[in-house]
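A structural walkthrough
Here is how the chains run, residue by residue.
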Amino acid sequence: MKKTIRFFLNGKLKEISVNGETTVLELLRSRFQLNGIKEGCGEGDCGACTVVIGEVREGKVHYKSVAGCLYLAAKLEGKHLITIEGLAQKEKLHPIQEAVLNAHATQCGFCTPGVILSILALYLERPNPGREEFRRYLEGNLCRCTGYASIRKVPEYLKDLIIDSEEIRPSYLEETEEKQLAFVHEDIFIDDGAHAYYSPVSEDHLEAFIRDHEELVSGQNLRFLNGGSDVVVGIKKRNQHYRLLVDISRISSLQNISYRDNQLTIGGGVTLSDIIDRVNPFFPQFSDVVSGMCSEQVRSSATLAGNLVNASPVADTVPLLMAVNAVVHLNGCNGTRNVPVREFYHGYKQTENKSDEWVASISIPVGEYDFIHFEKVSKRKEVDISAVNSAIALQISEGMIKKASIACGGVGPTTLYMPKTSHYLEGKPMTEETFLGAYDIISGEASPIGDVRGSADYREAVMENLLMKHYLAYESSQEAECHEE
Amino acid sequence: MKNEQIRQNNQWGQAGTSPLHVSGRDHVMGRSQFIDDIPKPGNLLYVKVMVSPFANGRIVKLDTQKASEMPGVAAVLTAEDIPGENQIGGIIKDEVCLAQGHVQFVGEPVAVIAAESIREAEAAMEQILFEVEEETPVLTVREAIKRDQYVGPVRKIERGDVESVFADCPCYMEGVIRNDGQEHFYLETQSALAVPEDNGGITLYSSSQNPNEIQKMASGVLGLPQNMVTVDIKRLGGGFGGKESQATSWACLAALTAYHTGQPALIRLTRDEDMLSTGKRHAFESDYRVAFDKEGKILAYSVELNSNCGAVADVSTSVLERAMLHAENSYHIENIKIIGRPCKTNLHPATAFRGFGGPQGIFAIESVIERIAYTLGLDPYDVRMKNMYHKGDLAPYGQEIHHGEDIGRILEKLRADSRWDERKKEIAAFNQKNRFAKKGLGITPVKFGISFTAAHLNQGSALIQVYTDGSVSVTHGAIEMGQEVNTKIAQIAATTLGVPIGTIRIESNNTKRVANTSATAASSGCDLNGHAVENAALKILGRLKELVSKLYPGEDGVFENGYVYGVHEGKTDYENPLISFKELVQKAYFERIDLCDHGYYATPGIYFDRDKGEGHPFLYYVFGAAVTEVTVDLLTGRTTLDSAHILHDCASSINPMVDIGQIQGAFIQGVGWVTTEELVYQDKGRLLSSSPATYKIPTIGDIPEEFHIELMEGCMNELGIKRSKAIGEPPFIYGESVFFAITNALSSLGIYPDELSIPATPEKIWRVIKRNKEQ
């Protein structure tokens with residue numbers, strides 16, 4: 001097992017020693033004095049620390065933006081880290097840099113490197129992005145100076161500057177990609193006696209490691225992560241340390257998405273970003289749910305598994321998964337277990353998985369329901385944690401609800417499946433009255449509390465009103481269908 | 001000039017064109033240095049600040065013994081270690097640098113820990129024994145008023161006789177108007193680096209809008225004369241007022257550490273620390289009374305503006321002053337009485353924030369106008385035009401609203417451009433058909449006075465060196481924080497000297513090169529310091545012109561774009577330059593003509609008697625207006641901003657693209673203030689929403705698809721630098737139009753949402769809807 005991290009930095013090979021808790025932000029600023037990356041918040045919410053990571057997936061190098069304050073340096077093994085310093089060639093600006101300059105899209109300059117790198121990640125993956133894709137990639141970059149209008153114009157200026165989409169690619173990419181494809185991956189294990197980091201290349205290695213290192217994995221010592229977008233915030237801001245962090249992101253068996261026999265199976269290591277595009281053909285409603293979560297810098301490494309296991313009562317993926325009765329497949333040294341999402345939560349932040357079990361996959365039944373819808377309510381439209389969220393799945397036949405399933409988050413210590421409300425809807429006509437009638441039932445199934453994101457009575461009212469929002473969404477989907485016909 | 005027309009080829013960067021950001025290349029390359037990017041010396045100490053977790057109480061125990069013995073710790077300092085004066089109050093001397101005897105707000109600095117690493121400093125901080133006998137904190141304006149607790153005097157501005165009008169008027173209303181504070185959320189948090197010099201002096205690199213105040217306060221705290229303290233500031237990663245006085249603590253604490261240890265010391269607050277400790281925009285809770293007639297004309301207006309100032313005065317008295325001086329906004333109100341109370345509470349000291357009380361004072365009268373319009377069933381646009389200033393009108397404090405006719409011109413043009421009347425009909429039709437969503441339209445005109453209301457602050461300085469190769473170094477008294485004052489000043493220097501902007505280099509603001517400067521605030525940075533730069537440049541130019549006359553007798557030298565041209569037959573002869581600037585400068589050097597000069601400017605003719613509430617405090621006013629449209633989801637309370645139309649008066653813009661960028665940024669910041677940015681405190685005075693996870697500023701997804709900004713033509717500013725007008729603050733207030741679009745949408749439900757306050761969050765909107773249903 002390796003103790004050092006080998007990676008590419010702006011096209012150059014590096015080999016470094018880090019401890020398991022060092023982030024890319026800390027590495028770049030303290031170790032390499034590459035100060036283009038900034039700390040704006042230290043918790044993945046502002047984008048000032050955005051960098052680009054190139055990683056091999058399915059035989060090709062893909063690029064993504066990540067939050068440097070959350071991305072552990074140890075994860076860099078075999079990857080290509082591109083920083084703002086890697087764009088200009090001596091004094092010749094990269095086209096994105098020039099476009100930002102020409103568009104007057106920089107004022108104080110503090111958010112600028114992050115903005116440029118988010119745009120780079122976008123263009124490296126999608127050569128001709130539309131307005132919507134641009135927003136998706138930039139929504140995690142906060143700017144307090146420009147009001148974003150000039151940033152939004154950057155693609156226009158970029159179009160003027162580049163003739164060939166190849167010009168977006170820094171000159172050293174080709175060579176580095178070759179090296180990355182030839183890179184031999186082995187397990188990484190770093191331990192400074194207080195905090196350890198382990199990144200296996202297979203589930204077999206993982207199992208063997210757990211058996212051999214009981215002292216590191218017992219009790220609350222062990223925490224799994226892929227992106228670590230909440231685990232790392234816990235480490236840096238809430239003094240929540242672990243004896244051992246196990247990074248599952250290099251296990252290829254956990255990165256599959258498959259669709260067979262009306263079952264969509266998403267591996268435990270599949271990122272939210274991947275889900276948006278790859279799941280869309282099979283389950284577009286779920287794809288929509290994920291699009292409304294966090295920012296691209298976080299989605300690119302965060303996983304569905306992580307959202308489930310992190311067990312926030314307002315986790316955005318959980319209501320829909322509960323509604324359609326998805327199942328979590330856990331792997332561990334003692335074998336495999338299947339746990340329905342509806343049975344996964346036992347209390348606030350208490351999940352069914354034992355600390356030495358990991359999520360192998362989540363299987364989601366598809367096609368059972370005619371209408372599936374999710375709503376989240378938060379103060380700000382993008383990149384905001386929900387105050388309340390709600391998902392509904394309905395089987396409708398001749399205007400009657402045959403089967404109903406509803407789950408809500410933000411109204412209890414866990415996401416709540418609402419059996420009484422679901423049952424109430426069944427057998428009733430698909431009308432406004434039915435849904436208004438369900439208000440009293442649903443309010444009996446949850447007692448929300450107040451916190452910094454919303455007071456108790458607001459949450460209760462929104463939980464009820466989201467029933468109506470579901471109905472209205474159904475109505476407009478029917479109208480849309482009519483227009484199409 | 002419409003947006004689309006402003007894609008000019010910038011020739012040599014002269015005033016009126018839009019050359020690119022002078023630091024733009026460095027920004028996009030990521031090589032612009034902020035405080036934490038300055039190369040760190042090997043013996044650097046990292047400083048953590050221990051702050052009070054209590055809002056009010058007597059310090060019973062502060063024991064740092066154990067902490068100072070922890071590994072890696074160089075010093076642990078408290079108020080007792082201050083060699084000079086433990087006082088950093090700017091206007092009023094009521095603010096200590098480190099708590100002494102008692103604490104008065106959560107986040108107040110109590111001790112500093114300097115260690116070889118942040119981790120070691122944090123570990124040592126946990127070993128400090130700190131006990132406080134807690135007292136009940138005063139947190140609200142009402143409580144402070146009950147106890148007669150203020151940070152400064154209660155003030156009044158009055159004209160006419162409101163009481164006799166109230167006694168006998170056709171229509172009357174009274175009520176309360178509230179706005180919460182706002183967090184600046186500059187992307188670069190508060191930071192300072194203190195480096196001891198070899199002669200007992202100290203150099204401070206501070207992320208501050210106010211180098212002069214840093215110098216004064218640090219020298220006071222250290223007991224050193226000001227000439228031993230040098231402050232050097234290159235740029236800020238955002239300021240917005242949050243670093244006008246709130247940067248002082250951190251710079252002084254870094255200086256104190258360097259003084260005691262003899263080592264360089266760095267403070268960089270984390271986002272949470274910054275949000276917890278530093279002051280925010282003043283929350284106001286204002287009581288109004290208004291008399292009006294059936295046509296919507298205001299006959300008398302009385303408003304008591306009560307600001308929540310936090311525990312110390314900071315700049316609160318000036319903020320309140322500006323709020324009072326903008327209480328009437330764009331309206332001519334004959335009978336008016338404005339009272340201002342700066343309330344003292346146990347919260348972090350409220351401070352400067354873009355608009356500086358102006359937005360709050362304006363919000364009150366705009367709210368009143370909306371309520372009048374609703375009550376009478378009149379169009380809010382009509383009511384505003386009915387009350388607006390005309391040419392020759394006087395403000396309540398006596399100043400004539402010079403160019404006041406521009407208010408009407410702007411309102412008329414915007415009404416047409418934004419299709420106000422058609423939109424109203426479209427919205428009414430939409431609202432008729434939709435039960436679960438309502439649209440609304442809002443209009444906010446702005447009249448914003450330019451100059452510091454403290455007259456003595458209206459001064460600017462500059463230093464220009466022309467080197468013998470023709471390159472130019474300019475230092476000026478303003479601070480670059482993204483507003484591109486550096487670009488504009490480079491343009492002014494370039495235009496005046498007649499050289500391409502590329503030959504001008506703007507240096508850091510350094511107290512050894514420009515002294516006794518005012519904060520970069522009040523939107524005045526470019527006005528005051530641009531004039532000073534022009535002053536210096538003209539002096540140098542004058543001497544060069546004399547040399548031209550000597551070298552080319554009979555020729556009038558026209559200096560443009562790096563060359564000197566003659567004037568023949570009334571036209572500048574561009575074909576045959578007389579000499580290049582560079583060559584002329586070379587000759588000047590050998591002729592022993594001074595190629596350098598200092599410039600200075602003091603705004604003429606302004607004064608304000610705050611005891612009488614009378615004077616001529618502003619050199620000029622900036623005018624403009626915005627119309628916005630929103631959709632409110634009645635089921636969740638969420639608002640979508642559908643479109644924004646802004647018409648703004650820049651007079652002769654020095655750099656149109658920069659000004660438009662300022663309008664865009666200020667407007668969106670205003671939108672954040674009135675919609676999603678909510679400061680949530682717990683009942684003991686601690687800020688709960690202390691991170692971007694809970695405090696939400698606008699993202700790229702929040703800006704409307706339809707976002708029009710136009711610079712109004714035909715506006716004049718005779719005394720402005722290059723005839724331009726200040727830009728920083730006025731456009732922030734356009735954000736209020738979104739609030740009124742929301743109240744407009746909600747009032748279509750049948751009741752005016754009187755109780756809705758800034759920010760109009762989804763939850764608060766939902767409460768209005770709920771209350772509507774119950775009534």
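These figures come from a predicted structure and were not determined experimentally.

Helix and strand counts for chain A come out as 18 helices and 20 strands. Taking 485 residues into account, the globule formula puts the C-alpha radius of gyration at 23 Å, and chain A, at 23 Å, falls close to it. C-alpha extents for chain A along the principal axes are approximately 70 × 60 × 45 Å. For chain A, the proportion of contacts with a sequence separation of at least 24, taken over those separated by at least 6, is 63%. If you sum the accessible surface of chain A, you get close to 18000 Å²; carbon and sulfur atoms cover 47% of it. In chain A, which carries 50 positive and 67 negative side-chain charges, the distance between the mean positions of the two groups comes to 6 Å.

How large an interface is tends to be reported as the accessible area lost when its parts come together. Residue and element names in this part refer to chain A. Taken domain by domain, chain A comprises domain 1 (188-247) and domain 2 (252-365). The distance between the C-alpha centroids of domain 1 and domain 2 comes to 20 Å. Taken together, the 15 residues of domain 1 in the interface contact 20 residues of domain 2. Between domain 1 and domain 2, roughly 1300 Å² of surface is buried when both sides are summed, and carbon and sulfur atoms account for 52% of that area. Per-residue buried area on domain 1 facing domain 2 is highest for Glu203, Phe224 and Asn226; these three make up 38% of the total on that side.

Looking now at the pairing of strand β18 (residues 472-476) of chain B. Residue and element names in this part refer to chain B. Within β18, five of the five residues are buried, leaving the element largely enclosed by the surrounding structure. Because side chains alternate across β18, one face comprises the buried residues Val472, Val474 and His476, and the other comprises Ser473 and Thr475, equally buried. Summarising the sheet, strand β17 (residues 459-466) and β18 pair through five bridges and their orientation is antiparallel. For Ala462, the partnering residue across the bridge sits in β18 and is His476. Here three bridges tie β18 to strand β19 (residues 504-506), and the two strands are oriented parallel to one another. The residue bridging Val474 from the neighbouring strand is Ile506, located in β19. In this view, the connection linking β18 to its parallel neighbour β19 by way of helix α14 (residues 485-497) has right-handed handedness.

The next thing to look at is the sheet that holds strand β21 (residues 558-560) of chain B. Residue and element names in this part refer to chain B. Judged by pairing direction, the sheet is antiparallel, and its three strands sit side by side in the order β21-β22-β25 without closing on themselves. Looking along the sheet, the strands with just one partner apiece sit at the ends: β21 and β25 (579-580). Sheet topology places β21 next to strand β22 (residues 563-565); three bridges connect them, and they run antiparallel. Within β22, the residue paired with Val558 across the bridge is Tyr565.

Residues and elements named next belong to chain B. Running from N to C, helix α10 (residues 358-376) and helix α11 (residues 380-387) point in directions that differ by 120°, and their axes come no closer than 9 Å. By the angle between their axes, α10 is oblique relative to α11. For the pair α10 and α11, the crossing hand works out as right-handed. Residues Glu366, Ile369, Glu370, Ile372 and Ala373 of α10 lie in contact with α11, whose contacting residues are Pro380, Val383, Arg384 and Asn387. Taken together, the residues of the contact of α10 with α11 sort by class into five nonpolar, one polar and three charged.

Looking now at the nonpolar core. The tendency in soluble globular proteins is for nonpolar side chains to be buried side by side. Ranked by internal contacts, the top residues of the largest apolar core, which has 283 residues, are A:Leu76, A:Phe283, A:Phe286, A:Ile364, B:Tyr301, B:Leu305 and B:Phe667. Counting residues per element, this core draws most heavily on helix α15 (residues 525-551) of chain B, at 11 residues. Residues contacting A:Phe286, with those up to four places away along its chain left out, are A:Ile266, A:Ile275, A:Val279, A:Leu304, A:Thr317, A:Leu320, A:Leu321 and A:Ile364. By size, the runner-up hydrophobic cluster in this structure holds 40 residues, among which are B:Val47, B:Val221, B:Val231 and B:Trp250.

A few words on the sheet that holds strand β26 (residues 596-602) of chain B. All names here are of chain B. The mixed open sheet is built from four strands, whose spatial order is β19-β18-β17-β26. Strands with a single pairing partner mark the edges of an open sheet, and in this sheet they are β19 and β26. With strand direction ignored, the average angle separating the axes of adjacent strands in the sheet is 20°. Of the strand pairs in this sheet, β17 and β26 are connected by seven bridges, and their pairing is antiparallel. When the bridges of β26 are listed, Ile464 appears paired with Asp597.

A separate point is the pairing of strand β17 (residues 371-377) of chain A. Residues and elements named next belong to chain A. Of all the seven residues making up β17, seven are buried; the element is thus mostly covered by neighbouring parts of the structure. Taken together, the seven bridges between β17 and strand β18 (residues 388-397) define a ladder with antiparallel strand orientation. Bridge pairing in β18 links Lys376 to Asn389.

Our focus in this paragraph is the domain arrangement of chain B. Residues and elements named next belong to chain B. Each assigned domain of chain B is listed with its residue range as follows: domain 1 (40-136 + 184-277), domain 2 (380-453 + 611-774) and domain 3 (459-602). Between domain 1 and domain 2, the residue contacts involve 10 residues of the former and 11 residues of the latter. In total, about 920 Å² of surface goes out of reach between domain 1 and domain 2, with carbon and sulfur atoms giving 67% of it. The largest contributions to the domain 1 side of the interface with domain 2 come from Phe185, Met275 and Leu276, which together make up 51% of the buried area. For the pair domain 1 and domain 2, the number of links is zero residue pairs in polar contact (both at pLDDT 80 or more). At four residues, helix α8 (residues 271-277) tops the list of elements feeding residues into the side of domain 1 that touches domain 2. The residue inventory of the side of domain 1 that touches domain 2, partitioned by class, reads six nonpolar, one polar and three charged.

Of the consecutive residues B:Ile758 and B:Pro759, the connecting peptide bond is found in the cis state with omega at 0°. Here B:Pro759 lies in the loop between α18 (736-747) and α19 (762-774). Backbone geometry at A:Tyr148 places phi at a positive 70°, although glycine is not the residue there. Locating A:Tyr148 in the fold gives a position in the loop between α4 (131-138) and α5 (149-152). Even without a glycine there, the phi angle at A:Lys349 is positive, about 60°. Inspection of the secondary structure assignment puts A:Lys349 in the loop between β14 (345-347) and β15 (350-351).

Let us now look at the confidence of the model for chain B. Residue and element names in this part refer to chain B. When the pLDDT values of chain B are averaged, the result is 96; 99% of them are 70 or greater. Ignoring residues within four places in sequence, the model shows residues 1-10, a span with pLDDT below 50, making 21 contacts including any to other chains. Reported for the predicted complex are a pTM of 0.97 and an ipTM of 0.97.

What follows covers helix α13 (residues 420-433) of chain B. The periodicity of an α-helix, 3.6 residues per turn, causes residues three or four positions apart to be oriented the same way. Between its terminal C-alpha atoms α13(B) stretches 20 Å, which fits the 20 Å expected from 14 residues at 1.5 Å a residue. In the core, the buried residues of α13(B) are packed alongside α11, α12 (405-417), β16 (437-450), β29 (620-633), β30 (639-648) and β31 (706-711) of chain B.

A few words now on the pattern of salt bridges. For side chains of opposite charge, pairing can occur when their charged atoms come near one another. Summed over the entire model, instances satisfying the criterion amount to 91 salt bridges over all chains. Across the salt bridge formed by A:Asp274 and A:Arg57, the nearest N and O atoms sit 3.5 Å from each other. Placement of A:Asp274 in helix α11 (residues 272-279) and of A:Arg57 in strand β3 (residues 50-57) is noted, with a sequence separation of 217 residues between them. Overall, the relative accessible area of 15% leaves A:Asp274 in the buried class. The partly exposed category is assigned to A:Arg57, whose relative accessible area is 24%. The shortest N-O distance in the salt bridge between B:Glu321 and B:Arg610 comes to 2.5 Å. Linking B:Glu321 in helix α9 (residues 316-325) with B:Arg610 in the loop between β27 (607-609) and β28 (614-616), this pair joins segments that are 289 residues apart in sequence. Judged by its relative accessible area of 7%, B:Glu321 falls in the buried class. Linked by salt bridges that have partners in common, A:Arg126, A:Glu132, A:Glu133, A:Arg135, A:Arg136, A:Glu139, A:Asp277, A:Glu296, A:Arg299 and A:Glu382 make up one network.

Before going further, it helps to spend a moment on the environment of A:Val270. Of note, A:Val270 is situated in the loop between β11 (263-267) and α11. In this structure, the C-alpha to C-alpha distance between A:Val270 and A:Asn256, residues 14 residues apart in sequence, is 6.9 Å.

What counts and how
Residues numbered from 1 in each chain as written. Chains lettered and ligands numbered in written order. Predicted model: local features only at pLDDT ≥ 70, side-chain atom pairs only at ≥ 80, totals over all residues. Heavy atoms only, no water. Helix = DSSP H or I, 4+ residues; strand = E, 2+ residues; numbered from the N terminus. Rg over C-alpha atoms; globule rule 2.2 N^0.38 Å. Contact = heavy atoms within 4.5 Å. Areas by Shrake-Rupley, 256 points an atom, 1.4 Å probe, with all protein chains shown as cover. Lys, Arg positive; Asp, Glu negative; His and termini not counted. Charge placed at Lys NZ, Arg CZ, Asp CG, Glu CD. Domains from an automatic or database assignment. Buried area = accessible area lost by both parts, 1.4 Å probe. Buried < 20%, exposed > 50% of the residue type's maximum accessible area, 1.4 Å probe, protein only. Pairing = 2+ DSSP bridges. Right-handed = clockwise from strand over helix to strand, strands pointing away. Axes fitted to C-alpha atoms, helices over the stretch in contact; angles between N-to-C directions. Parallel < 35°, antiparallel > 145°, perpendicular 65-115°, else oblique. Left-handed = near helix turned anticlockwise from the far one by under 90°. Nonpolar A, V, L, I, M, F, W, Y, C, P; charged D, E, K, R; others polar. Core = buried A, V, L, I, M, F, W, Y, C linked by side-chain atoms within 4.5 Å. Polar contact = N/O pair within 3.5 Å; in protein donor to acceptor, adjacent residues only side chain to side chain. pLDDT = per-residue confidence, 0-100. Expected span 1.5 Å × (residues − 1). Salt bridge = Lys/Arg side-chain N within 4 Å of Asp/Glu carboxyl O.

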